[in-house]
Amino acid sequence: MSFLAPWFLLGATAIAGPIIFHLIRRATRDRIQFSSTEFLRASPPRLQKKSKLQHLWLLLLRCLILALLTFGFSRPFFKQDIPVFPIDSEMKHTVLLLDESASMKRSGKWQAAKTQLINWVEENETDRQISVLGISDRIFPILSQELWLKTAPSERIALLKTVLQNREPNWGPTHMDTGLHAALDELEQMVETTGEKASKVIRIFSDFTNGARLSGLAGRDWPEDCIVEFEPTQQGETRNVGIQWLGWSKIGSGPRKARFSLITTGGNQTVTLKATDAVIGAEIASSKMVYSRVGDKRLYLFEIPDKQSNPFNISIEGDFEPFDNTYHVAPENLREANLVYLGSETVENPKGALFYIERAVNGWEDPKMSVISGDWGNNTTDLLVISQNLEAYEVEKAKKYLSQGGTALLLLKDGKQLGLIETLTGETGWQSPSLSKEYGLLGTIDFNHILFKIFANPRYNNFTNIRFWQPKAIEPPSETNSKILARFDEGPPAIVESTVGTGRLIIWGGDWTPQASQWVLSSKYVPWLQQLMETALGGPAQPTMGFVNEPERIAGNEAVVWKTLNGTISSPTAPKNPGLYKISHETHSQWVALNMPADESRIDPLSWDTWEKLGVPITESQLIVPQELAEEKAAAKNAIELEGEQKLWKWLLVTAALFLGIESLVSLSISRKGAVTAEA
Amino acid sequence: MAIAPSQTGIDPQALFAIRDLEMRARVVVEGLRSGLHRSPMEGFSVEFTEYRQYSLGDDLRYLDWHALARTDREYIKKFEDETNLRCHILLDTSRSMLFGSLPYTKSEYARTLAATLAYFLLHQRDVVGLSLFDSRIRDYMPSKWGPGHLHQLLAKLERKPEGRRPTNLGNALEEVAKLNRKRSLILILSDFLTPPEKWGVELGYLVAMSHDVRAVQILDPAEQSLEFGKAAQWEDLETGNRLYIDPSVARLDYLEKFKSHQVAVKQSLEERGVWLQTVSTDQPLDFVLLEMIQQSGVARNMARTNPRESG
């Protein structure tokens, strides 16, 4: 029998109390009133003889109650040997996760983690099958179970040291959740490979910073026999200031401003912020000294001169961790596009479609639009809008434009344009069936098409409030390369896309003036036009800034050449370090900036509660602390669990309460008897 | 006056079950009266008895002038004598009277006794007064006879006195002496538990004023035998002092002391010519009243105290 709170046993000394009181005759507290005590002499209180205890049974009962209470409060339990650690003697499948994220770039962290991993494997390799994975935002197999098994036990440590020797952390974020999912998959794989039933251990070697992502672990079902263990690297500096890029800001015709905020951890710090031209090294904006507080959400703006076409760096001076002190910024890739309008109306005429097209595209920042009307000329055309019959040379030009991949929009005002459509598409048999209703509505819309996809959400897909007063149905021939994008509610097609060569011709049944339809006045008009423009330009512009772990988001799927800032290194493979690069496409080249994900700047320690909240089966206690202390702690935990299961104290207290009841009855009867005797 | 007492008295416990004090008094007195004879004494009163021949020296006020005119003889009219006792009851209401080992206290017993006595006397057309005292006289009613007097007197007796205090019989006797200038029968109902030295002198004054003083000592049976209670903290009702008393141990000593006190009280009273009647609260009240009448000779006393006594 053991006790959880043995010091309560001292309470047993209280048993002496009843014994003493039973040795002394109870000095009565009863009071009797008498007319006059003048003739009375006080009687001396009578002591019992030492050898004689009064009411022995009552005394025993009282002593028993005290003993039970004392016993109960000391929380007794019967010792059982529940293993504190999951069956040490059994085979264990172990996946070691080595954090290779950017925060491990901090001085000493990486080496410490590697050493801890090697040391641990050296101490614990017996009866284990080990697989080592590197984690950041991706999973990097470092040492597979297969290789581990193939290697002779005596050479395994050497093998591990070798594979780890040249490894370096990357600049990616810490996706701990991805790592753990991968580790679980790996464990499953190990079980399948060996066919042995063994307990599963995932041990993570990391700095466990607050920037690590764990959200993916929510709701994860963990195998019962799996345990996650932690081995944090020694706690170093937690004070750090990092930059979180928020983008560009330009209000009206005002200057462009670089917008960012600071991530501050570990304590408030005073730092200096500088913006320096990356090519020539000159400061392009006046430096700022800021007092950054933990949790600060303030926005910082650097006013960037319009003429600044070189990339630049925003740097932090004066914080405690230098690994994230430079943020690289590449200039924006602002596109310019020409919209050519072939129609009789002028820009000023509100009764013509051009008036509304010009107003729609006027404020666009990207692409920056130029509307050309009247004469097509030799202008580069990104989008062609046709609202009238064309001259023969224009038709030829348009056909050529379309066949070369251009995009054109034809507004079908009347049946006379059917011939133009036939010419442009090279298909005969286009018809414009008449409609019977007073006005038309768009009844069926292909929301899977790129032009209407943006309205696919039920919140935006209501087109029934747009009335077409002069609707013109357009029926493609039976054999056609055309696709119907929308139909009027009566059934005939309203919007048709026809593929011409590599280009596309969008035929819109009706004019865009307010007299012909409510389309240009509706809220869907501008987004649709912008979508058409983006489609014509071949999709949205490639970003110029991204994270070092996601270079494909900048380069796209195209084959590009990456050049470093000074042009010394050029490579078709994406760089692995943050910095400023020039990427060369087939046709053009542009500056791009690769940075470390901002979350990696959050180097304050991760709260252990987070793991518990996510339901991760953790046993951190025995691993973070030295082994002896861990065992002691584990034993204490074991004791608490045992005591909690057995709950002997409850029974003891119930028994004590029972005896207390009996004691009350006994003492009541004794006192009554005493009273009767006295009165007799 | 010849009295034939009833064979059994009224059980005090049954009597005290009657809540109304007047009813209680009536029960006792009526029971007693059935054994009383008419008074054989004659005197000048409203009730005519007979004529007798005038003799020299007779008061001419009582001469029957009508008979003289008719018969030319002098006759003196004789009337039945009326008792006209002036009685003052001095009732102890101090704290010690609150003791009672029976279902009622000494105080209740004493009040009932006083009420019975008052009822009895007032129905005899005697005048009765009342003083309630503890450390001094708290309530005083002069001796009177009248239709509402009995009710007032009973109401006073029934009302519980406020803030009881310890006994100071000496003070009370002194005040009574001051208030009762006329010669009266003064009946002291008390437990006389205070030492005689504290009241002996004042009692002497009262006797010296020609008052006929009678003492009725009311004691609880427990006070006389100490066959009561158990080993406990005993609290003195008068002083509030507490003592641990085991009655079985303290009894002998108590009885000795109590006896010597009783002797001292009796001696002190007798020295001053005061008759003492010791009453135990378990005694039937009618017996007590009867004994009081018999022993104290109220009739004889009446004759003595009546200024218009006729032979």
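For the structure itself, consult the block above.
Engineer: For this particular structure, what's the right way to read the sheet that holds strand S21 (residues 482-488) of chain A?
Structural biologist: Strand pairing in a sheet is mediated by backbone hydrogen bonds. Such pairs are either parallel or antiparallel. Residues and elements named next belong to chain A. With respect to topology, 8 strands assemble into an open sheet ordered S17-S16-S18-S19-S23-S22-S21-S20, the strand pairing being mixed. Edge strands, defined here as strands with exactly one partner in the open sheet, are strand S17 (368-373) and strand S20 (442-445). Strand-to-strand twist in this sheet, taken as the mean axis angle between neighbours without regard to direction, amounts to 20°. Here strand S16 (residues 336-342) pairs with S17 via 6 bridges, running parallel.

Engineer: How should the packing of helix H1 (residues 16-23) of chain A against helix H2 (residues 56-73) of chain A be read in this particular structure?
Structural biologist: Between two packed helices, both the angle of their axes relative to each other and the distance between the axes serve to describe the pair. Residue and element names in this part refer to chain A. One can describe the packing of H1 onto H2 by two numbers: an axis separation of 9 Å at closest approach and a directional angle of 160°. Classified by the angle their axes make, H1 and H2 are roughly antiparallel. When you trace H1 past H2, the crossing you get is right-handed. Contacts between H1 and H2 pair Pro18, Ile19 and His22 from the former with Leu59, Arg62 and Cys63 from the latter. Of the residues assigned to the contact of H1 with H2, the class counts are 4 nonpolar, 1 polar and 1 charged.

Engineer: What is the right way to read the interface of chain B and chain A from this model?
Structural biologist: When the parts of a complex come together, some accessible area is lost, and that lost area is often used as the size of the interface. With 28 residues of chain B at the contact, the number on the chain A side is 18 residues. Counting only elements with at least two residues in the side of chain B that touches chain A, the list comes to strand S8 (232-236), strand S9 (242-245) and helix H9 (247-271) of chain B. Ranked by residue count, the leading element in the side of chain B that touches chain A is H9 of chain B, at 7 residues. Classifying every residue of the side of chain B that touches chain A by side-chain character gives 13 nonpolar, 5 polar and 10 charged. As paired strands, strand S2 (residues 31-34) of chain A and S8 of chain B are joined by 4 bridges and run parallel to one another. Each bridged residue has a counterpart across the sheet, and for Arg31 of chain A the counterpart in S8 of chain B is Gln233 of chain B.

Engineer: I'm lost on the nonpolar core in this one. Help?
Structural biologist: Note that soluble globular proteins tend to have their nonpolar side chains buried in a common cluster. With 59 residues, the main nonpolar core has Ile89, Leu90, Ala114, Leu117, Ala118, Leu187 and Leu189 of chain B as its most contacted residues. Residue contributions to this core peak at 11 residues, all from helix H4 (residues 106-123) of chain B. Core analysis: the second largest hydrophobic core is formed by 51 residues, Ala486, Ala494, Trp519 and Leu529 of chain A among them.

Engineer: I keep staring at helix H6 (residues 176-194) of chain A and nothing clicks. Help me out?
Structural biologist: Every α-helix carries 3.6 residues per turn, so stepping three or four residues along brings you back to the same face. Residues and elements named next belong to chain A. For H6, spanning 19 residues, the distance from its first C-alpha to its last is 27 Å, which sits close to the expected 27 Å at 1.5 Å a residue. Turning to H6, its buried residues number three or more, namely Met176, Gly179, Leu180, Ala182, Ala183, Glu186, Leu187 and Met190. All buried residues of H6 lie within an arc of 160° about the axis, which places them on one face of the element. Facing away from the buried side of H6 by over 90 degrees, the exposed positions are Asp185 and Glu192. On its buried side, H6 packs onto strand S4 (92-99), strand S5 (128-135), strand S6 (139-143), helix H4 (145-150), strand S7 (199-206) and strand S8 (226-232). Note on H6: the residue one or two positions beyond its end, Gly195, has a positive phi of about 70°.

Engineer: So what exactly am I meant to see when it comes to the environment of Glu396 of chain A here?
Structural biologist: Its location among the elements puts Glu396 of chain A in helix H8 (residues 392-403). When the C-alpha positions of Glu396 of chain A and Thr423 of chain A are compared, they lie 9.2 Å apart, and in sequence the two are 27 residues distant.

Engineer: Where do I start with the pairing of strand S9 (residues 240-249) of chain A in this structure?
Structural biologist: Each regular strand shows side chains that alternate between the opposite faces of the sheet. Residues and elements named next belong to chain A. Note: S9 against strand S10 (residues 256-265), 9 bridges, orientation antiparallel. Following the sheet pairing, Ser249 is matched in S10 by Lys257. The loop that links S9 with its antiparallel partner S10 comprises 6 residues; one of these, Gly252, has a positive phi angle of about 60°.

Engineer: Could you clarify how one ought to interpret H2 of chain A in this entry?
Structural biologist: All names here are of chain A. Between its terminal C-alpha atoms H2 stretches 26 Å, which fits the 26 Å expected from 18 residues at 1.5 Å a residue. Buried within H2 we find Arg62, Ile65, Leu66, Leu68, Leu69, Phe71 and Gly72. Once H2 ends, the next one or two residues include Arg75, with phi positive near 50°.

Engineer: Can you walk me through the sheet that holds strand S11 (residues 269-277) of chain A in this structure?
Structural biologist: Residue and element names in this part refer to chain A. Taken together, the 4 strands give an open sheet; going across it, the order is S12-S11-S14-S15, and neighbouring strands pair in antiparallel fashion. At either end of the open sheet lies a strand with only one pairing partner, and these are strand S12 (283-292) and strand S15 (326-329). Ignoring which end each strand starts from, the neighbouring axes of this sheet average 15° apart. Sheet analysis places S11 next to S12, joined by 7 bridges and oriented antiparallel. Bridge assignment links Leu273 to a residue of S12, and that residue is Lys288.

Rules of the game
Residues numbered from 1 in each chain as written. Chains lettered and ligands numbered in written order. Predicted model: local features only at pLDDT ≥ 70, side-chain atom pairs only at ≥ 80, totals over all residues. Pairing = 2+ DSSP bridges. Helix = DSSP H or I, 4+ residues; strand = E, 2+ residues; numbered from the N terminus. Axes fitted to C-alpha atoms, helices over the stretch in contact; angles between N-to-C directions. Parallel < 35°, antiparallel > 145°, perpendicular 65-115°, else oblique. Left-handed = near helix turned anticlockwise from the far one by under 90°. Contact = placed C-beta atoms within 7 Å. Nonpolar A, V, L, I, M, F, W, Y, C, P; charged D, E, K, R; others polar. Core = buried A, V, L, I, M, F, W, Y, C linked by C-beta atoms within 7 Å. Buried ≥ 20, exposed ≤ 12 C-beta atoms within 10 Å, placed from the backbone. Expected span 1.5 Å × (residues − 1). Arc of directions from axis to C-beta.

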